[in-house]
Structures are given as structure tokens and as C-alpha cells.
Amino acid sequence: MKLTTREKSALFMEGVVTVILLLMLNLALLVLIVQAIESNPGLRDGIFIIKRSVVLGPNHFQLWSWENLFIGLMLVADTWVVWWRLIRRYRQMQLWHIIDELHYIASGHFDHRIPFRVSGDVQRVVDSVNALVDSVINSMNEERAIEKSKDELITNVSHDIRTPLTSIIGYLGLIEDKQYHSEDDLLKYTHTAFLKSKQMKSLVDDLFEYTKVRQTDTPLSLTNINLAAMLEQLGASFELEAQKKGMTIGAENSSETMMMEADPEKLVRVFNNLVANALKYGDGGKHINLVANQISSTELEVRVTNDGPKIPKESLNMIFERFYRVEESRSKETGGTGLGLAIAQSIVALHGGYIYVESDDALTSFVIHLPVKHDQPLAIPQRLKTPGTVS
Ligand code: ADP
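Residues numbered from 1 in each chain as written. Predicted model: local features only at pLDDT ≥ 70, side-chain atom pairs only at ≥ 80, totals over all residues. Heavy atoms only, no water.

## A word on the UniProt feature "domain: HAMP" (unreviewed entry) in the protein chain
Turning to step 1, where the next piece is worked out: Following the UniProt record, the feature "domain: HAMP" (unreviewed entry) maps to residues 89–141 here.
Turning to step 2, where the next piece is worked out: The straight-line gap between the two end C-alpha atoms of residues 89–141 is 40 Å; of that span, 72% is helix and 0% is strand. (UniProt positions renumbered as here; feature names shortened; annotations may be inferred. Helix = DSSP H or I, 4+ residues; strand = E, 2+ residues; numbered from the N terminus.)

Structure, rendered in C-alpha cells:
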């Protein structure tokens, strides 16, 4: 800590005043002692005897006279008193500096760290204040990130709602103004308005679901389920849709029973999203596979695989971000909201698991790892701790 010039002069003055006071005190003591010795012959004789007995060497060299001893003792005592007063004053000044800094922080500069070091225990106070400031800075940054993410959410939602809404208003406007030539036109306009309304509804539904599962404290209705049976049922329910697209769908499980603790409704939502995506984006592919494996007594793995077009490498990191859609799928009429994978990721995380994607020219696989017991969440492998590829 650096002292100001004013503080330095105050410290100097404190030293000077102390020295003057001490000199006066020493003088007064000296006078009192001389008087006491001269008016008391017994004391004088006693001192004489002591003086004679403390001699050195064969020449009877006397080491001290009582005046020397007194001056020596006084010098030591005086130096100690001056040092003690200066140190006390210096610490007081350090404390004032710290109080000034605290006032500065309290006046709204919550990201201000105390920039100097002080000596002794007071440094622990400075360290604690700085640690507090650091955690406030962290919370403020997190708060800002949340705020920013909320703003982005509102922007995305407004944009994604405005687009179909503009169409709906446009087509209903044509009908309202009777700007149609035939009943076919009328039906075409109402049909488009109906489709766009459905698109809006699915966005609002997804958004509602997304905000619900985003909360880490979202309650799960946990029951013991057989994951293998669930995947088989799911595969069967998509068979017809797959056939229409010229695809087959199958479930391959390493065992017929794979028991785990889960919220079946939410978990089905995850697999539904993945299979629906495989159907939507797997153009040109022939097979969709649901494969479950027991990795260990505590961990299960499900792979939802399709042999459609590869997801571009640069998109793999972002695919689980809300509203993210691979550029090619935006231009297609797949009608997605960009929330399906974000919802899936949140649900898997609520179950204590993680999800990632792998994609090459041959296969695209969404891989989900789930704990058998909900209260024993899985540790996310280090290699997957890159943003977006994992929950
Ligand atoms: P949505 O399907 O509503 O657009 P998702 O979050 O489910 O949103 O998916 C995000 C994007 O990931 C999709 O727009 C698509 O581009 C890509 N995607 C998801 N699954 C697949 C898949 N199986 N094959 C290829 N691309 C996929």
C-alpha cells in the first residue's frame, strides 16, 4: 500500500512529537533519580557497592557508570516506543484506506477489487473482500448471460411466430376482401392459413415444453421402466410413417429387459423427437435403428441411427442449441422449430444422463447415456465437454 504525501508527513510529525515527548520524559526521570540518589545516602552507597563489584579483568575495568546504564536503557525503551507508535499509526492509515475502498465498493462499484496489499492480519480482510468481489463479478456475468439468452429467446420466438402469422393474416385478408376467384382458391387460402396456424401451435407447444424442462428442478414422475420394451413399442408406432417414406425402422436391444428409473412420458418425448428427425431429415436413407445396450450395471446407452445425409461438421457443435437448424433444413418445408433437440437434451440431463451426436457419410447417430438409478447421475466424459455436443 502506498501512503499519500499528507500521510507521510503525518507519520513523520508523529515520530518527531513522540521523540520530543520521550526526551522530556527522560530528562524528568533523570532529574528525579539524581535527586533521589543525592537525598538518600543509603541508596548512593548501595549503587557504589554494585558498581565496584561489576568489574572486568586484572585492571578492574568498570563496564558502566549508572548514568550510562540509564541512558542505554532509555534509548532502547525510546526506540521501541517510537517504533510502536509509528507502526500503530501506519496500521490505522491502512485501515482508513481499506474503509475508503469499501465505501467505494458500497457506492455501486461492485466489481472493484482492493488493488493493494497490506501487512499482517489485515491482508486477510483484504483477501476476503476481494474474494467477495470476485464472486459478485461471476454472479453479475452469469446474470448478464441469462439476461442475454432471454432476450435472444424473445427475439427468436417473435421472429418464428411473426413469419407464419404474417402468412395467416395475408391469406385471411384475401378472403376478407373477397380476393379469390373460385371455391378452390378459397380452400387453398384457408388450407395455407390452417397449416401456418398448426406451425405456430407446434412452436408454442415446443416452447412451453422447452421452458418446462429447462428448469433443473422440474419434477420427474419416476417409475421403473423396461427401456428395451419402450424402444420396441416406439419403433412399431413409427412403422407406418417410415413405410410411407420408403424406410424401415427396427429396435435392436442387447437384452429383452433393461430396467431403469425414468419418467416414461418425458423419455418417450426424447426418442420421438429423434425418430421424427430421422424421418424428416433422413432423405435418401433406408433404415432407422433404435439400439439399446447395457454399458454397465449402472449405465445404459441408446443409439438412434439413420443413414440419411451427413450433418455438416460445423453444425455438430451447435445442433443442440435452441432454435438452431442446419442451413439446408431451413430451406426445406420440414416445418421444424429448432427446439426438438434442445428439449431432448434437457430431458436427458434431468434424468442424469448426456446426449451427443456422431455423423459421417454412412450414418448419423444420436447417442444417449442414461443412469439406471436416477439418483446416480453419470459424469460427462471429458471429450464431450465441448459446447453443444453434450448435455
Ligand atoms: P427441428 O427439427 O425442429 O428443426 P431439432 O432441434 O429437432 O429442430 O433439430 C435441429 C436441426 O438438426 C434440424 O433442423 C436438422 O437440421 C438437424 N437434424 C436433426 N436430426 C437430424 C438427423 N437425423 N439427420 C440430419 N439432420 C438432423
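## Description of the side chain of Glu 299
Turning to step 1, where the next piece is worked out: Structurally, the position occupied by Glu 299 is in strand β7 (residues 299–306).
Turning to step 2, where the next piece is worked out: You can call Glu 299 buried: its relative accessible area is 16%.
Turning to step 3, where the next piece is worked out: Side-chain polar atoms of Glu 299 contact the side chain of His 369, separated by 2.7 Å.
Turning to step 4, where the next piece is worked out: Apart from residues no more than four positions distant in its own chain, Glu 299 is found in contact with Asn 293, Gln 294, Tyr 354, His 369, Leu 370, Val 372 and Leu 378. (Buried < 20%, exposed > 50% of the residue type's maximum accessible area, 1.4 Å probe, protein only. Polar contact = N/O pair within 3.5 Å; in protein donor to acceptor, adjacent residues only side chain to side chain. Contact = heavy atoms within 4.5 Å.)

## What about helix α6 (residues 227–244)?
Turning to step 1, where the next piece is worked out: Given a rise of 1.5 Å per residue, 18 residues ought to cover 26 Å, and the 27 Å separating the end C-alpha atoms of α6 matches this to within 8%.
Turning to step 2, where the next piece is worked out: The sharpest bend along α6 reaches about 45° and sits at Phe 238.
Turning to step 3, where the next piece is worked out: For α6, the set of buried residues is Leu 227, Ala 228, Met 230, Leu 231, Leu 234, Gly 235, Phe 238 and Ala 242.
Turning to step 4, where the next piece is worked out: Among the structural elements, β3 (223–226), β4 (248–253), β5 (259–262), α7 (264–281), β6 (287–296) and β7 are those in contact with the buried residues of α6.
Turning to step 5, where the next piece is worked out: The opening residue of α6, the one whose side-chain oxygen lies 3.2 Å from the backbone nitrogen of Ala 228, is Asn 226. (Expected span 1.5 Å × (residues − 1). Bend = angle between axes of the 7 residues up to and from the residue.)

## Section: a negative patch on the surface
Turning to step 1, where the next piece is worked out: On the surface, Glu 142, Glu 143, Glu 147 and Asp 151 cluster together to form a negatively charged patch.
Turning to step 2, where the next piece is worked out: Relative to the elements of secondary structure, Asp 151 occurs in helix α4 (residues 122–176).
Turning to step 3, where the next piece is worked out: Residue Asp 151 is classed as partly exposed on the basis of its relative accessible area of 45%. (Patch = residues over 30% accessible without salt bridge, like charges linked within 9 Å, V, L, I, M, F, W, Y side chains within 5 Å. Areas by Shrake-Rupley, 256 points an atom, 1.4 Å probe, with all protein chains shown as cover. Salt bridge = Lys/Arg side-chain N within 4 Å of Asp/Glu carboxyl O. Lys, Arg positive; Asp, Glu negative; His and termini not counted. Charge placed at Lys NZ, Arg CZ, Asp CG, Glu CD.)

## A closer look at the environment of Pro 371
Turning to step 1, where the next piece is worked out: Considering the arrangement of structural elements, one finds Pro 371 in strand β9 (residues 364–371).
Turning to step 2, where the next piece is worked out: On a C-alpha basis, the gap between Pro 371 and Leu 300 in space is 6.3 Å, while along the polypeptide they are 71 residues apart.
Turning to step 3, where the next piece is worked out: Those residues in contact with Pro 371, other than ones at most four positions away along the chain, are Met 260, Thr 298, His 351, Gly 352, Gly 353, Gln 376, Pro 377 and Leu 378.

## Considerations on the nonpolar core
Turning to step 1, where the next piece is worked out: Counting 53 residues, the largest nonpolar core has Leu 227, Leu 267, Phe 271 and Ile 368 as its most contacted members.
Turning to step 2, where the next piece is worked out: Mapped onto the domain boundaries, this core takes at least three residues apiece from domain 2 (145–213) and domain 3 (223–384).
Turning to step 3, where the next piece is worked out: For Phe 271, the contacting residues outside a window of four places in its chain are Leu 227, Met 230, Leu 231, Leu 234, Val 302, Val 304 and Ile 368.
Turning to step 4, where the next piece is worked out: Counting 9 residues, the second largest nonpolar core, distinct from the first, contains Ile 98, Ile 114, Phe 116 and Val 118. (Core = buried A, V, L, I, M, F, W, Y, C linked by side-chain atoms within 4.5 Å. Domains from an automatic or database assignment.)

## Comments concerning the packing of aromatic side chains
Turning to step 1, where the next piece is worked out: Per the counting criterion, the structure on display carries 4 aromatic pairs.
Turning to step 2, where the next piece is worked out: Ring geometry for Trp 80 and Trp 84: centres 6.2 Å apart, planes at 10°, overall stacked. Taken together, the positions of Trp 80 and Trp 84, both in helix α3 (residues 66–106) and 4 residues apart, correspond to about one turn of that helix.
Turning to step 3, where the next piece is worked out: Assessed through its relative accessible area of 40%, Trp 84 is described here as partly exposed. (Phe/Tyr/Trp six-rings, centres within 6.5 Å; stacked < 30°, edge-to-face > 60°.)

## With respect to the pairing of β5
Turning to step 1, where the next piece is worked out: The alternating pattern of β5 places Met 260 and Ala 262 on a buried face and Met 259 and Glu 261 on a face that is not buried.
Turning to step 2, where the next piece is worked out: Relative to β5, β3 runs antiparallel, the two being bridged by 4 bridges. Residue pairing across strands places Asn 226 opposite Met 259, the latter belonging to β5. (Pairing = 2+ DSSP bridges.)

## Thoughts on a nonpolar patch on the surface
Turning to step 1, where the next piece is worked out: A cluster of nonpolar side chains, contributed by Phe 12, Met 13, Val 16, Val 17, Ile 20, Leu 21 and Met 24, occupies part of the molecular surface with about 670 Å² of accessible area.
Turning to step 2, where the next piece is worked out: Here Val 17 lies in helix α1 (residues 5–38).

## Remarks on the packing of α4 against helix α5 (residues 183–214)
Turning to step 1, where the next piece is worked out: For the pair α4 and α5, interaxial distance at closest approach is 8 Å and the crossing angle is 160°. Taken together, the axes of α4 and α5 are roughly antiparallel relative to one another. Judged by the sense of rotation from one axis to the other, the crossing of α4 with α5 is left-handed. Across the interface between the two elements, Leu 153, Val 157, Asp 160, Ile 161, Pro 164, Leu 165, Ser 167, Ile 168, Tyr 171, Leu 172, Leu 174 and Ile 175 from α4 touch Leu 186, Tyr 189, Thr 190, Thr 192, Ala 193, Lys 196, Ser 197, Met 200, Leu 203, Val 204, Leu 207 and Tyr 210 from α5.
Turning to step 2, where the next piece is worked out: Broken down by class, the residue content of the contact of α4 with α5 amounts to 18 nonpolar, 4 polar and 2 charged. (Axes fitted to C-alpha atoms, helices over the stretch in contact; angles between N-to-C directions. Parallel < 35°, antiparallel > 145°, perpendicular 65-115°, else oblique. Left-handed = near helix turned anticlockwise from the far one by under 90°. Nonpolar A, V, L, I, M, F, W, Y, C, P; charged D, E, K, R; others polar.)

## Focus on the confidence of the model for the protein chain
Turning to step 1, where the next piece is worked out: Here the protein chain shows a mean pLDDT of 89. Residues at 70 or above account for 93%.
Turning to step 2, where the next piece is worked out: Across the protein chain, the secondary-structure element scoring lowest on mean pLDDT is helix α9 (residues 327–331), at 59, and the one scoring highest is β9, at 97.
Turning to step 3, where the next piece is worked out: Note that residues 387–391 has pLDDT below 50 and, in this model, 24 contacts with residues that lie over four places away or in other chains. (pLDDT = per-residue confidence, 0-100.)

## Quick notes on the pattern of salt bridges
Turning to step 1, where the next piece is worked out: In the structure shown here, the tally under the stated rule is 10 salt bridges.
Turning to step 2, where the next piece is worked out: In this structure, Lys 148 engages Glu 152 in a salt bridge whose closest nitrogen and oxygen atoms are separated by 3.8 Å. With Lys 148 and Glu 152 both in helix α4 and 4 residues apart, the pair spans about one turn of that helix.
Turning to step 3, where the next piece is worked out: Each of the salt bridges in this network shares a partner with another, and the network as a whole consists of Glu 14, Arg 85 and Arg 89.

## Comments concerning the sheet that holds β9
Turning to step 1, where the next piece is worked out: Pairing is mixed in the open sheet, where 5 strands are placed in the order β4-β6-β7-β9-β8. The sheet terminates laterally at β4 and β8 (354–359), the two strands that pair on one side only. Taking the axes of each pair of neighbouring strands and ignoring which way they run, one obtains an average angle of 15° across the sheet.
Turning to step 2, where the next piece is worked out: Lying over the sheet, α6 contacts β4, β6 and β7, oriented at roughly 170° with respect to β4.

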